[in-house]
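Residues per chain are reported as follows:
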Protein chains: 4
Amino acid sequence: MKNAIGRRRWAIAEGYLPGWSNGPEPELASHETCCILNATDETAHVTLWIYYEDREPVGPYEVEVAARRTKHLRFNELDDPEKIAKDTPYASVIESDVPIVVQHTRLDSRQAENALMTTMAFPA
Amino acid sequence: MKNAIGRRRWAIAEGYLPGWSNGPEPELASHETCCILNATDETAHVTLWIYYEDREPVGPYEVEVAARRTKHLRFNELDDPEKIAKDTPYASVIESDVPIVVQHTRLDSRQAENALMTTMAFPA
Amino acid sequence: MKNAIGRRRWAIAEGYLPGWSNGPEPELASHETCCILNATDETAHVTLWIYYEDREPVGPYEVEVAARRTKHLRFNELDDPEKIAKDTPYASVIESDVPIVVQHTRLDSRQAENALMTTMAFPA
Amino acid sequence: MKNAIGRRRWAIAEGYLPGWSNGPEPELASHETCCILNATDETAHVTLWIYYEDREPVGPYEVEVAARRTKHLRFNELDDPEKIAKDTPYASVIESDVPIVVQHTRLDSRQAENALMTTMAFPA
C-alpha cells in the first residue's frame, strides 16, 4: 500500500441528475456518483463546489473520507447547503487536503433499461 | 473556489450525431454534449473547430461561458458557420482565452433504450 | 513495438460488482474488468489492493502478465486472499514492477439490456 | 486552427469485438472504433499493433490520416496482416509520425438495445 496517490484538486465538467427512474431502488435509481479514493494514512477533508449555467456556484459541501478508504458519494444525496436540482446541468470542483483520486459515474434508468457512463475526473 | 482550473486547449477525437432518436424530446433526443466548466473569474471566449474525414475543418464556432459558470453545449445546436451533419464522423478542437475544463458526452436513443458514454477531453 | 509504455502505479476510484445478471454466461454476466497491457519485454508482476468504505484494504492480489501480452482481469474472479463482495462499493490500486497500461470497464446486465462503461485508470 | 495537438504514441488496454449484433447494419453493428484526429498540416502515417492474451503481438497495421482530418477507424475492418478475432480480448498501441489524438469507443448491440462506452486512449 502506497501513500500520496492522486491529486488535491479535481474537476468534473459534466453533471446532470436525471429527473426520473425506472427500476428497483436504490440500486437502479438514476444517480450520479463521485467516487473518491483516499489511499493515504490521513483523513481527507473534501470540499465540493457545484457550478451552474445561470447562477453563482453553491458550496462548500463538506465530506470526510477516512484514511485507506473509498467513498462513493451520490450527488443526489448532497443537501448542505442545498440539494442539487434535477434535470439541471451542473459541474463540480472537488478539493482535498490530502491527495485523492476522483472518478465520475452516472447510472441513468429513465428508460426501461439502464445506461452507464464513467470517466476519471480532471486532475486540476 | 479556485481560479485557473483547467487548460486553454482541448481535443475530442470522437464525434457522431446519431441520425435518429427514440424517446421524449428534448431530454432523450440523441445528442452529443461538450460540457465546459469555467471556474475562473473572467468570461471565457471559446472557439470550436470541427474536423471531418473528407473535407477541410469548419469553424470557428464561437461560444461564451461566463465567469464561474458551466455550459453544456449540444453539438447539435451549433449552426454558425453551419450545422454539423448527422451520421457523419467528426472530431473537435476547443480553445479558450482562459483555462476551462472540457468533457464529452453522447446520449444515443436510436434504439428503444438509451445508451450513454462520456470522457474527459484531451488537454492538448 | 516499443517498450516502456505506461506507468508502474494506477488507481481506479470506482468499483462495484452488480449483484445479478441477465443474459447468456459468461459473455453477458455482469462484471468489472481491469484490462492490463504489458508492452514491455519482461513479465509484469502486478499487485492489486482493494479499498472499501468501511474496513481496511484487502490484498495483495497477485497477477502476472507476460511480456508483450494483455490480460483482461475480471475483478469477480479474484479470490486470494478473498473474493470481492457483490453490491459493495470498492476502489483499487494496481502496481507493477514494469510499466503497464490499465483500463477499467464494467458490463452491467442487471436489467434485460446490458450497459457498458469504461475509462483509463489514473496513472498515479 | 493549431498544429501539434496530441502525442505520437497512444495505448488502449481494453479491446473486444462482440461476437454478434442486433440492429440495422452498419450503424448498429457491434463494433470498436479507434478515433484519430490529425490536426497538423501533414499526413499522419499511423501504425497499430494488436496485443493478445496468449500469443505474440500482430502488426504493423498501417493507416494514413490526411492533414486536418479525422479518421474513425473500425477495428473490425483491419485485415492486413490479419483480421482481429471476435470474442477475443486484445489491446492496442497506436504510433504516428506526427502528433495525433486517439479515442476509443465500443458500440455493443448483442442484446436488443445497444450499449456505448468511450475513453481517451492513454498518451504513452
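### A few points about the overall build of chain A
Assigned secondary structure in chain A consists of 0 helices and 8 strands. Along chain A, helices (α) and strands (β) appear in the sequence β-β-β-β-β-β-β-β when read from the amino end. Within chain A, buried positions represent 62% of all 124 residues. Considering only intrachain contacts with a sequence separation of at least 6, the fraction spanning at least 24 residues in chain A is 71%. Element-wise, carbon and sulfur atoms account for 44% of the exposed surface of chain A, whose accessible area totals about 4300 Å².

### Remarks on the pattern of salt bridges
All names here are of chain A. All told, the structure shown has 24 salt bridges over all chains when counted by the stated rule. Asp41 is the salt-bridge partner of Arg68, the closest N and O atoms lying 2.8 Å from each other. Linking Arg68 in the loop between β4 (58–65) and β5 (69–74) with Asp41 in the loop between β2 (31–38) and β3 (44–52), this pair joins segments that are 27 residues apart in sequence. Given the relative accessible area of 23%, Arg68 is considered partly exposed.

### A word on the state of the cysteines
Note on terminology: disulfide describes a covalent bond linking the sulfur atoms of two cysteines. Residue and element names in this part refer to chain B. The tally for this structure, following the rule as stated, stands at 0 disulfides over all chains. Cys34 takes part in no disulfide bond, and the closest cysteine sulfur, belonging to Cys35, lies 7.2 Å away. The class for Cys34 is buried, based on a relative accessible area of 0%.

### Details of the side chain of Thr40 of chain A
Mapping Thr40 of chain A onto the fold places it in the loop between β2 and β3. At 3.1 Å, the side chain of Thr40 of chain A forms a polar contact with the backbone oxygen of Glu42 of chain A.

### Describing the environment of Ala124 of chain B
In this structure, Ala124 of chain B sits in the segment after β8 (122–123). Residue Ala124 of chain B is classed as partly exposed on the basis of its relative accessible area of 33%. Expressed as a C-alpha distance, the spacing of Ala124 of chain B and Ala11 of chain B, which sit 113 residues apart in the sequence, is 6.3 Å. The residues contacting Ala124 of chain B, other than those within four sequence positions of it, are Arg9 and Trp10 of chain B together with Ile5 of chain D.

### Re the environment of Gly19 of chain A
Here Gly19 of chain A lies in the loop between β1 (7–12) and β2. For the pair formed by Gly19 of chain A and Thr88 of chain A, sequence separation is 69 residues and the distance between their alpha carbons is 8.9 Å.

### Things to note about unusual backbone geometry
Trans is the prevailing form of peptide bonds, just as negative phi is the prevailing case for residues other than glycine. With omega at 20°, the peptide bond leading from Asp80 of chain A into Pro81 of chain A counts as cis. Considering the arrangement of structural elements, one finds Pro81 of chain A in the loop between β5 and β6 (90–108). For the bond from Gly59 of chain D to Pro60 of chain D, the omega torsion is -5°, close enough to zero to count as cis. Looking at the element boundaries, Pro60 of chain D is found in strand β4 (residues 58–65). Even without a glycine there, the phi angle at Asp87 of chain A is positive, about 55°. Structurally, the position occupied by Asp87 of chain A is in the loop between β5 and β6. The phi dihedral of Arg68 of chain C is positive, around 55°, even though this residue is not glycine.

### Points about a positive patch on the surface
Residues Arg7 of chain A, Arg7 of chain B, Arg7 of chain C together with Arg7 of chain D make up a contiguous surface patch of positive charge. With respect to the element layout, Arg7 of chain C can be found in strand β1 (residues 7–12). Judged by its relative accessible area of 40%, Arg7 of chain C is partly exposed.

### With respect to a negative patch on the surface
Among the surface-exposed residues, Glu42, Glu62, Glu64, Glu77, Asp79, Asp80 and Asp97 of chain A lie close enough to one another that they form a single negatively charged patch. Relative to the helices and strands, Asp97 of chain A resides in strand β6.

### Some remarks on the packing of aromatic side chains
Each aromatic ring pair is specified by the distance between its two centres and by the angle formed by the two planes. A complete count under the given rule lists 8 aromatic pairs over all chains for this structure. Ring geometry for Trp10 of chain A versus Phe122 of chain C: centroids 5.0 Å apart, planes at 65°, classification edge-to-face. Here Phe122 of chain C lies in strand β8 (residues 122–123) and Trp10 of chain A lies in strand β1, a pairing that spans two chains. Assigned by exposure class, Trp10 of chain A and Phe122 of chain C land together as buried. When the ring centre of Tyr52 of chain B is taken as origin, the NZ or CZ atom of Arg55 of chain B, which lies over that ring, is 4.3 Å away.

### Points about the confidence of the model for chain A
Residues at a pLDDT of 70 or more form 85% of chain A, whose mean pLDDT is 88. Interface confidence for the predicted complex, given as ipTM, is 0.89, next to a pTM of 0.91.

### Focus: the environment of Arg69 of chain D
Here Arg69 of chain D lies in strand β5 (residues 69–74). For the pair Arg69 of chain D and Ala44 of chain D, spaced 25 residues apart in the sequence, the C-alpha separation amounts to 9.6 Å. Contact partners of Arg69 of chain D, with chain neighbours within four places excluded, come to Tyr51, Tyr52, Glu53, Asp54, Arg55, Glu56 and Pro57 of chain B together with Ile36, Leu37 and Asn38 of chain D. Reaching out from Arg69 of chain D, the side chain makes a polar contact with the backbone oxygen of Arg55 of chain B at a distance of 3.2 Å.

Thresholds applied
- All chains use their own residue numbering, which begins from 1 and follows the written sequence.
- Key to labels: chains lettered from A, ligands numbered from 1, both in the order written.
- Local features in this predicted model are restricted to residues whose pLDDT is 70 or higher, and side-chain atom pairs enter the listing and the counts only when it is 80 or higher, whereas totals over whole chains, interfaces and linings include all residues.
- In computing side-chain values, all of the structure's heavy atoms are included and hydrogens and water are not.
- Put simply, DSSP marks the helices as runs of H or I at least four residues long and the strands as runs of E at least two long, and each gets a number from the N terminus on.
- A simple rule labels every residue: compare its accessible area, found with a 1.4 Å probe on the protein chains alone, to the largest value its type can have, and call it buried under 20%, exposed over 50%, or partly exposed in between.
- The contact rule is simple, with two residues in contact once any of their heavy atoms fall within 4.5 Å.
- Using the Shrake-Rupley algorithm and a 1.4 Å probe, accessible areas are obtained, with residue cover drawn only from the displayed protein chains.
- Salt bridges, as used here, are contacts in which a Lys or Arg side-chain nitrogen is within 4 Å of a carboxyl oxygen on Asp or Glu.
- To count as a disulfide, a pair of cysteine sulfur atoms needs to be within 2.5 Å.
- We define a polar contact as two N or O atoms separated by no more than 3.5 Å, with the added condition that, inside protein, one atom must be a possible hydrogen donor and the other a possible acceptor, whereas residues neighbouring each other in sequence contribute only through side-chain atom pairs.
- For patch detection, residues must exceed 30% relative accessible area and be free of salt bridges, and they are connected within 9 Å for like charges or within 5 Å for nonpolar side chains (Val, Leu, Ile, Met, Phe, Trp, Tyr).
- Positive charges come from Lys and Arg alone, negative charges from Asp and Glu alone, with His and the N- and C-terminal ends not counted.
- Here the site of a charge means atom NZ of a Lys, CZ of an Arg, CG of an Asp or CD of a Glu.
- Only Phe, Tyr and Trp rings take part, Trp by its six-membered ring, and two of them pair if their centres are within 6.5 Å. Stacked means planes under 30 degrees apart, edge-to-face means over 60, and tilted covers everything else.
- For a Lys NZ or an Arg CZ to count as sitting over a ring, it must be within 6 Å of the ring centre and within 35 degrees of the ring normal.
- On a scale of 0 to 100, pLDDT captures the predictor's confidence in every residue.

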